[in-house]
Amino acid sequence: MPGLGTIINVALIVVGGLAGLLVGKFIKKNIQDSLMIVCGVSTIFIAIGGALKEMFVIEDGVISTQGSMMMIITLCVGTLVGELLKLCDKLEKFGEWLKLKTGNAKDARFVNAFVTASLTVCVGAMAIVGSIKDGIELDPSILIAKGILDLVIIAVMAASMGKGAIFSAIPVALLQGVVTVLARLISPVLTEASLSNISLTGSVIIFCVGINLIWNKNIRVANMLPALIFAGLWSLIG
């Protein structure tokens, strides 16, 4: 059944979020703050691992790097497009709409939790590759594995940031659902090189999410998302 992986992924996010929310009610503020930092550190190391895996090349015992120019150019162009389209503002407005529609108007943390959690679980090659395999080969295994990781991440975020993190299930369902449906059309474009570029650029974007979590910086990460499209197309241009 096409889309089964996304359904399971979304369900695991909701379960993780509800579990984190339940536990979070009994956790003191200082512990919630510590969990936030731990989540940020974990996110940064996941990002570093993903980036280095794509950048480092070992040939004849010599370590070299690749993809640096692609990463710089696609991030710059993608961020420029994102700023012009004001994607960050649009995502935050959607979060504000969700906050009102779900009866959470008094929850000051809702939008930040929603945006941060959404960016964390949506950005990355697993979402794209898993959705394609689910759509073409009816193999949900990658998305199920991603769902298990998302369960843990969203549980921690919900415990420390609040219920807004649970609603990250919505953009995950939309993104992965669309990619699954269009999988047969876009699979020829998404070569191994394209997916490697997406993974590298996505890891850098995830790194920025980690920085926001730890140091409370206001990096407009959502405006960087178009870089993923340019990264995917880079191998076709080069």
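Looking at the side chain of E54
- Considering the arrangement of structural elements, one finds E54 in helix α2 (residues 29-55).
- Look at E54: it is buried, it has no salt bridge, and the nearest opposite charge is K53 at 4.0 Å.
- Within polar-contact distance, the side chain of E54 engages the side chain of S199 at 3.5 Å.
- When sequence neighbours within four positions are dropped, the list of residues in contact with E54 reads Q66, S196, S199 and L200.

A closer look at the pattern of salt bridges
- Applying the stated criterion to the full structure yields seven salt bridges.
- Among the ionic pairs, D33 bridges to K29, the shortest N-O distance being 2.9 Å. One end of the pair is D33 and the other is K29, both in helix α2 and four residues apart, which spans about a single turn.
- For K29, a relative accessible area of 55% gives the class exposed.
- E83 serves as the salt-bridge partner of R220, at 3.6 Å between the closest nitrogen and oxygen. Of the two residues, R220 sits in the loop between α10 (192-215) and α11 (226-237) while E83 sits in helix α3 (residues 68-85), which places them 137 residues apart along the sequence.
- Counted as one network, the salt bridges with shared partners bring together E83, D89 and R220.

Details of the pairing of strand β1 (residues 56-59)
- When β1 meets strand β2 (residues 62-65), the two strands line up antiparallel, connected through four bridges. Following the sheet pairing, V57 is matched in β2 by S64.
- Once β1 ends, the chain turns through two residues before running back antiparallel as β2, passing D60 with a positive phi of about 55°.

Notes on the state of the cysteines
- Within this structure, the stated rule accounts for zero disulfides.
- Looking at the unpaired C39, the closest cysteine sulfur is the one in C122, lying at 15 Å.
- A relative accessible area of 6% means that C39 is categorised as buried.
- Between C208, a cysteine without a disulfide, and C76, which holds the nearest cysteine sulfur, the sulfur-to-sulfur distance is 12 Å.
- The exposure class of C208 is buried, given its relative accessible area of 12%.

A short note on the nonpolar core
- Of all hydrophobic cores here, the largest spans 49 residues; its most connected members are L75, L119, I154, M157, I205 and L213.
- If you tally residues by element for this core, the top one is helix α5 (residues 110-122), at nine residues.

Considerations on the confidence of the model for the protein
- With 100% of its residues at a pLDDT of 70 or more, the protein shows a mean pLDDT of 88.
- Across the protein, the element-wise mean pLDDT spans from 75 in β2 up to 95 in α3.

Focus: α11
- Taking 1.5 Å per residue, twelve residues should reach 16 Å; α11 reaches 16 Å between its end C-alpha atoms and fits that length.
- Here α11 has its buried residues at P226, A227, L228, A231 and G232.

Thresholds applied
Counting restarts for each chain: residues are numbered from 1 in the order of the written sequence. Given that this is a predicted model, residues contribute local features only at a pLDDT of at least 70 and side-chain atom pairs are listed and counted only at 80 or more, while totals for whole chains, interfaces and linings are drawn from all residues. The side-chain numbers reported here are obtained from all heavy atoms of the structure, hydrogens and water having been left aside. For the purposes of this entry, the term helix denotes a DSSP run of H or I that reaches at least four residues, the term strand denotes a run of E that reaches at least two, and both are numbered from the N terminus. Burial classes follow relative accessibility: with a 1.4 Å probe on protein chains only, a residue under 20% of its type's maximum area counts as buried, one over 50% as exposed, and anything between as partly exposed. Counting rule applied: Lys, Arg positive; Asp, Glu negative; His and chain ends not counted. Here, a salt bridge means any side-chain nitrogen of Lys or Arg that lies within 4 Å of a carboxyl oxygen of Asp or Glu. Any pair of N or O atoms that falls within 3.5 Å is considered a polar contact. Within protein, one atom must be able to donate a hydrogen and the other to accept it, and sequence-neighbouring residues count only if both atoms are side-chain atoms. Here, residues are in contact when the closest pair of their heavy atoms is within 4.5 Å. The rule for pairing is simple: two strands pair if DSSP sees at least two bridges between them. Only a pair of cysteine sulfur atoms within 2.5 Å counts as a disulfide in this structure description. Nonpolar cores were defined as sets of buried Ala, Val, Leu, Ile, Met, Phe, Trp, Tyr and Cys residues, with membership established by side-chain atoms within 4.5 Å. Confidence of the prediction at every residue is given by pLDDT, a number between 0 and 100. To estimate how far a helix should extend, the number of its residues minus one is multiplied by 1.5 Å.

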